[in-house]
Amino acid sequence: VSHPLLLSSHRHQEDHGCEAIQGGAAPLSLRRQHYPKDKSPSGETRPPATAAKKVLRGARSESTSIKVALMKMKMKAVGPSSVPESERVYYEVELPEEYRLPKKPMFFSKEWSVGKAVDVIAETFRLRNENHRQHSQKLLLYSMSGESLAMSKPLHSLLDVLPSGSGTRLEYEIPTNE
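Because the structure is a prediction, the values reported are computed rather than measured. (Residues numbered from 1 in each chain as written. Predicted model: local features only at pLDDT ≥ 70, side-chain atom pairs only at ≥ 80, totals over all residues. Heavy atoms only, no water.)

(A) Highlighting the pairing of strand β1 (residues 88-94). Buried residues dominate β1, accounting for 5 of its 7 residues. Two strands pair when backbone bridges link them, and β1 and strand β2 (residues 104-109) are joined in this way by 6 bridges, in the antiparallel orientation. Bridge pairing in β2 places Tyr-90 opposite Phe-107. Taken together, the 3 bridges between β1 and strand β4 (residues 167-173) define a ladder with parallel strand orientation. Within β4, the position partnered with Glu-94 by the bridge is Arg-169. (Buried < 20%, exposed > 50% of the residue type's maximum accessible area, 1.4 Å probe, protein only. Helix = DSSP H or I, 4+ residues; strand = E, 2+ residues; numbered from the N terminus. Pairing = 2+ DSSP bridges.)

Set out below in structure tokens:
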């Protein structure tokens, strides 16, 4: 029998044929063969590993995920630093396709009009903005449901339709001659 304080070559009994292995515990591979994965050594049946507990998703977890998404948006949002945090509303802005830029989280003052928000977006991303010229392509802001937002409306009046944290889309439109 090997003594426990001998050389490191005697550490593993099965490596050097020590007879103490016969009285000791069976190697792990033998224990796995003897006890299938669905049974414990005590004989109790275990639930299969693939049947993990389902997480119940309700209104409570949905509202939490919305709050978490808004917090992540706030960390990455860009906008004028002059806007006080108490006045900020956050939107993920999808820019016109021709610019091939990804969606960008931005913040605006809830006291601003939609037109002012469009001007800030255009200035931030250096988009062509000819909203001040008659008979030119106009930059318009839409909700993700496709509803056009009136340029003169203040953002705080749209919070029911367009809550902070939701997405918006900016597009060029050619006005009809009337």
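What follows continues from the structure just given.
(B) Summary view of the sheet that holds strand β3 (residues 138-143). Here we have 4 strands laid out as an open sheet, ordered β2-β1-β4-β3, and mixed in their pairing. What marks the edges here is a single partner per strand, and that holds for β2 and β3. Averaged over neighbouring strand pairs, the angle between their axes works out to 40 degrees when direction is ignored. Of the pairings in the sheet, the one linking β3 to β4 comprises 6 bridges and is antiparallel in character. For Tyr-142, the partnering residue across the bridge sits in β4 and is Arg-169. Its contacts with the sheet put helix α4 (residues 114-125) on β1, β2, β3 and β4, and the angle it makes with β2 is roughly 135 degrees. (Axes fitted to C-alpha atoms, helices over the stretch in contact; angles between N-to-C directions. Contact = heavy atoms within 4.5 Å.)

(C) Local environment of the pattern of salt bridges. Counting across every chain of the model gives 4 salt bridges. Two residues, Arg-128 and Glu-98, come together in a salt bridge whose shortest N-O distance is 3.9 Å. With Arg-128 in the loop between α4 and β3 and Glu-98 in the loop between β1 and β2, the pair connects residues that are 30 residues apart, well separated along the chain. For Arg-128, a relative accessible area of 32% translates into the label partly exposed. The closest approach of N and O atoms between Glu-171 and Arg-169, which form a salt bridge, is 2.6 Å. (Salt bridge = Lys/Arg side-chain N within 4 Å of Asp/Glu carboxyl O.)

(D) A look at the nonpolar core. Among the nonpolar cores identified, the biggest contains 28 residues, and Phe-108, Ile-121, Leu-127 and Leu-170 are the most heavily contacted of them. Taken together, the elements giving at least two residues each to this core come down to β1, β2, α4, β3 and β4. When neighbours within four sequence positions are excluded, Ile-121 is seen to be in contact with Val-93, Leu-95, Met-106, Phe-108, Leu-127, Leu-141 and Leu-170. (Core = buried A, V, L, I, M, F, W, Y, C linked by side-chain atoms within 4.5 Å.)

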